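Analysis of the macromolecular model
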Amino acid sequence: MRPTTELYGRGVYRFLMSRQWVILALITLLLIPTMIRLGIWQMHRYEMRSARNQLVTNALHAKAVPVERISTPGHAVTRTERYRTVTATGTFETSKEVVVRRRTNDDDEVGFHVLTPFVLTDGKVVLINRGWIPANGAQTAFPKIPAPPGGRTTITGRLMADETTAASGIKDIKGLPDRQIMLINSEEQAKRLHAQVLGGYVEQTAPEAKGGTPEQISDPGKEDAPLNYAYMIQWWLFAAAVPVGYVVLARREARDRREAAAKEAETAEAEPAPV
């Protein structure tokens with residue numbers, strides 16, 4: 001009679017046909033393409049973020065141009081125009097100044113952005129976001145705002161696209177206190193001012209406000225594209241590791257079963273033969 005281990009060895013991987021191992025095999029087969037797709041998604045995110053970072057870098061380092069060369073009344077600022085450094089020459093019209101509610105500074109303190117119409121030499125208006133000021137109490141009251149430079153002046157800033165609820169997630173709440181708004185939108189401000197307002201608005205970067213108030217808005221930070229690249233590699237490594245893990249588990253299970261069969265055989269041989 002052949003040893004039990006030899007007979008068992010012929011079907012040592014037969015357990016792979018059991019319900020438990022069939023389910024594990026199906027899960028393995030589902031995980032591999034899922035992880036590959038997640039890696040591809042992270043690759044697309046990496047490419048999108050890298051492209052966005054490059055656009056921002058190009059815009060910020062481009063030579064400053066007069067804002068009138070890029071924007072006109074009703075113009076929609078494009079992705080390539082956003083953050084472009086522009087200049088504007090004219091006068092601030094503080095009597096029609098408004099504040100933008102629920103805006104934060106670099107320390108995540110809630111306050112207002114100061115939006116001041118800037119009348120250009122040709123009579124058209126460009127909206128200037130002069131920066132952030134604290135709320136200093138109830139946000140229902142119009143805050144005290146430091147005055148901008150008087151008379152004819154030239155400012156420099158970053159051109160920005162009109163804000164919308166769809167793009168920002170900020171609800172355009174109606175019935176706000178006088179001279180307070182939720183979103184910076186040139187079309188809405190053109191109706192309020194009864195003037196020709198250039199599309200988009202400008203985040204002022206120079207000259208700096210006396211005393212540091214309003215606080216200038218920081219340069220747009222770069223999105224963490226390398227993190228998406230790392231996630232992409234991680235998912236693909238997981239996809240490669242899943243089948244390897246399945247094989248390792250199967251071999252370990254087969255080894256344990258062989259050892260158990262060998263012990264059973266030894267026990268059977270050690271028992272005295274019946275008389």
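Structure first, text after, so check above.
What follows covers the overall build of the chain. If you tally the helices and strands in the chain, you get 5 helices and 8 strands. From first element to last, N terminus to C terminus, the chain shows the α and β order α-α-β-β-β-β-β-β-α-β-α-β-α. Relative to the globule expectation of 19 Å for 275 residues, the C-alpha radius of gyration of the chain, 34 Å, shows a markedly less compact shape. Projected onto its principal axes, the C-alpha coordinates of the chain cover approximately 120 × 40 × 35 Å. Burial analysis of the chain (275 residues in total) assigns 33% to the buried set. Taking as baseline every contact in the chain between residues at least 6 positions apart, the subset at least 24 positions apart corresponds to 71%. Accessible surface, the chain as shown: approximately 16,800 Å² in total, 56% of it carbon and sulfur. For the chain, the distance from the average site of its 35 positive side-chain charges to the average site of its 30 negative ones is 4 Å.

The next thing to look at is unusual backbone geometry. Excluding glycine, a negative phi dihedral is what most residues carry, and trans is how most peptide bonds are arranged. In this structure, the amide linkage connecting A206 to the following residue, P207, adopts the cis form with an omega of -5 degrees. Inspection of the secondary structure puts P207 in the loop between strand 8 (201-206) and helix 5 (225-270). With an omega of 0 degrees, the peptide bond between T213 and P214 qualifies as cis. When you line up the elements, P214 lands in the loop between strand 8 and helix 5.

Residue pairs spaced three or four apart in an α-helix point in one direction, given the helix's 3.6 residues per turn. Within helix 4 (residues 186-193), the full set of buried residues consists of S186, Q189, A190 and L193. Projection of helix 4 onto a plane perpendicular to its axis shows the buried side chains occupying an angular sector of 110 degrees, all on one side. Along helix 4, exposed side chains directed more than 90 degrees from the buried face belong to E187 and K191. Structurally, the start of helix 4 carries an N-cap: the backbone nitrogen of E187 is 3.0 Å from a side-chain oxygen of N185. Within two residues after helix 4, H194 carries a phi angle of roughly 55 degrees, on the positive side.

It is worth spelling out the pattern of salt bridges at this point. Throughout the structure, instances matching the rule amount to 10 salt bridges. Linking E188 and K191 is a salt bridge whose minimum nitrogen-to-oxygen distance equals 3.8 Å. With E188 and K191 both in helix 4 and 3 residues apart, this pair spans about one turn of that helix. Take K191: its relative accessible area is 57%, and that puts it in the exposed class. Bridged by salt links that share partners, the residues R158, E203 and D219 form one connected network.

As a further point, take a nonpolar patch on the surface. Taken together, the side chains of I36, I40, Y229, I233, W236 and L237 present a nonpolar region at the surface, about 510 Å² in accessible area. Elements supplying a minimum of two residues to the nonpolar patch: helix 2 (19-61) and helix 5. Note that I36 resides in helix 2. Residue I36 is classed as partly exposed on the basis of its relative accessible area, which comes to 36%.

Turning our attention to the pairing of strand 3 (residues 98-104). Burial analysis of strand 3 places 5 of its 7 residues in the buried class, the great majority of the element. When strand 3 meets strand 4 (residues 110-120), the two strands line up antiparallel, connected through 5 bridges. Opposite V98, over in strand 4, you have L115 as the bridge partner. Bridging between strand 3 and strand 7 (residues 180-181) involves 2 bridges; their strand directions are parallel. Looking at strand 7, one finds that V100 is bridged to I181.

For the rest of this paragraph, the subject is the packing of aromatic side chains. What describes a pair of aromatic rings is the distance from one ring centre to the other and the angle between the planes of the rings. According to the stated counting rule, one finds 6 aromatic pairs in the structure shown. Taking the centre distance of 5.8 Å and the plane angle of 85 degrees together, the rings of W235 and F238 count as edge-to-face. On the criterion of helical spacing, the pair formed by W235 and F238 is a turn pair, its members being 3 residues apart in helix 5. Taken together, the ring pairs in this structure connect Y13, F15, W21 and Y246 into an aromatic cluster. One cation-aromatic arrangement involves R130 over F92; the distance from NZ or CZ to the ring centre is 5.9 Å.

Calculation criteria
- Residues numbered from 1 in each chain as written.
- Predicted model: local features only at pLDDT ≥ 70, side-chain atom pairs only at ≥ 80, totals over all residues.
- Heavy atoms only, no water.
- Helix = DSSP H or I, 4+ residues; strand = E, 2+ residues; numbered from the N terminus.
- Rg over C-alpha atoms; globule rule 2.2 N^0.38 Å.
- Buried < 20%, exposed > 50% of the residue type's maximum accessible area, 1.4 Å probe, protein only.
- Contact = heavy atoms within 4.5 Å.
- Areas by Shrake-Rupley, 256 points an atom, 1.4 Å probe, with all protein chains shown as cover.
- Lys, Arg positive; Asp, Glu negative; His and termini not counted.
- Charge placed at Lys NZ, Arg CZ, Asp CG, Glu CD.
- Arc of directions from axis to C-beta.
- Polar contact = N/O pair within 3.5 Å; in protein donor to acceptor, adjacent residues only side chain to side chain.
- Salt bridge = Lys/Arg side-chain N within 4 Å of Asp/Glu carboxyl O.
- Patch = residues over 30% accessible without salt bridge, like charges linked within 9 Å, V, L, I, M, F, W, Y side chains within 5 Å.
- Pairing = 2+ DSSP bridges.
- Phe/Tyr/Trp six-rings, centres within 6.5 Å; stacked < 30°, edge-to-face > 60°.
- Lys NZ or Arg CZ within 6 Å of the ring centre and 35° of its normal.

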